[in-house]
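Below, each chain spelled out in residue letters.
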Amino acid sequence: MKNLRQIVTKAVVAKGKKRSESTEVLCPPNKPSGILGCWIINHHHQAKKNGKYVEVTGKYDINVWYSHHDHSKTSVYTETIHYRDRVRLHYRDGSTGGHEEVHVKVIQQPNCTEAVVSKCGEKFNVSVERELLAEVVGETKVCIQVHPHDFEEEWQFGEESSSSSSSSSSSSSSSTGAHGKKGHHDGDGKDSSSL
């Protein structure tokens, strides 16, 4: 145990994920004849930790492009929707009890899965889905083993050799010298240096 040390560091100590589906009822100023399109924009959120949960509050705008007055006119109706999600946390090593930071990542932005005119014919029923991931960063302890010696393990270096170039030059010079002393033979086998 004397070779073990504890390091206090920051790490993700808890996580939670939640997928939500809801149906929003919108009341446009004109009686709709039909829906031509629906999209969601301007999503903003903030989060805070409350016990074993992360409470996420947010808002987004639903835009519905629709026809009215017996399909003779079109308009875009926009309404801001507020929501509150509670994401349950799952701790890896138990609650740290100290200062913790909460981070929320949006896995699925609020998205319209269906938009229809209600049965009464005066409202929109818009189905929305979203998915959030909450992470809690806090202090945790990491255990490491300490090497008892003060020296570093010896490094192994590959040695570069430059003898290949010198050997090739010496072999070429020796062959040149041999030719210089002996000369060359002609086709009859006679030494041309003696001629």
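Quantities reported herein were computed from a predicted structural model and do not represent experimental measurements.

What is the right way to read unusual backbone geometry from this model?
A negative phi angle characterises most non-glycine residues, just as the trans form characterises most peptide bonds. Look at His 69: it is not a glycine, yet its phi comes out positive at around 50 degrees. For His 69, the location among the structural elements is in the loop between strand E3 (53-68) and strand E4 (73-88). For His 69, a relative accessible area of 48% translates into the label partly exposed. Even without being glycine, Asp 70 reaches a positive phi, approximately 55 degrees. Inspection of the secondary structure puts Asp 70 in the loop between E3 and E4. Residue class for Asp 70 comes out exposed when judged on its relative accessible area of 68%.

Is there a simple way to explain the pattern of salt bridges in this structure?
Any two side chains of opposite charge can pair, on the condition that their charged atoms come close. Per the stated rule, a full pass over the model turns up 10 salt bridges. The salt bridge involving Glu 101 is made with Lys 10; its shortest N-O contact spans 3.0 Å. One end of the pair, Glu 101, is in strand E6 (residues 101-117); the other, Lys 10, is in strand E1 (residues 4-26), with 91 residues separating them in the sequence. Of the charged contacts, one joins Arg 19 and Glu 129 as a salt bridge, the two residues approaching to 2.4 Å between their closest N and O atoms. In this pair, Arg 19 is assigned in strand E1 and Glu 129 in strand E7 (residues 124-145), connecting sequence segments 110 residues apart. Overall, the relative accessible area of 16% leaves Glu 129 in the buried class.

Is there a simple way to explain the sheet that holds strand E2 (residues 32-50) in this structure?
Backbone-to-backbone hydrogen bonds join strands into a sheet, with any given pair of strands oriented parallel or antiparallel. Here 3 strands make up an open sheet; going across it, the order is E2-E3-E4 and the pairing antiparallel. Strands with a single pairing partner mark the edges of an open sheet, and in this sheet they are E2 and E4. Taken over all neighbouring pairs, the strand axes of this sheet differ in orientation by 15 degrees on average, direction set aside. Bridging between E3 and E4 involves 16 bridges; their strand directions are antiparallel. Bridging from a neighbouring strand, Gly 58 pairs with Tyr 83 of E4.

Parameters at a glance
- Counting from 1, residues in each chain are numbered in the order their sequence is written.
- Since the coordinates come from a predicted model, pLDDT governs what is reported: local features require at least 70, and pairs of side-chain atoms require 80 or more to be given and counted, while whole-chain, interface and lining totals use all residues.
- Hydrogens and waters are ignored; side-chain quantities use all the structure's heavy atoms.
- The secondary structure listing takes helices from DSSP runs of H or I that are at least 4 residues long and strands from runs of E that are at least 2 residues long, numbered from the N terminus.
- Here's how the labels work: a residue is buried when its accessible area is under 20% of the maximum for its type, exposed when over 50%, partly exposed in between, all with a 1.4 Å probe on protein chains only.
- The term salt bridge refers to a pairing of a side-chain nitrogen on Lys or Arg with a carboxyl oxygen on Asp or Glu at a separation within 4 Å.
- Two strands qualify as a pair provided DSSP detects at least 2 bridges between them.
- Every axis corresponds to a line fitted to the C-alpha atoms, with the helix fit spanning only the stretch in contact, and the corresponding angles, defined between N-to-C directions, vary from 0 to 180 degrees.

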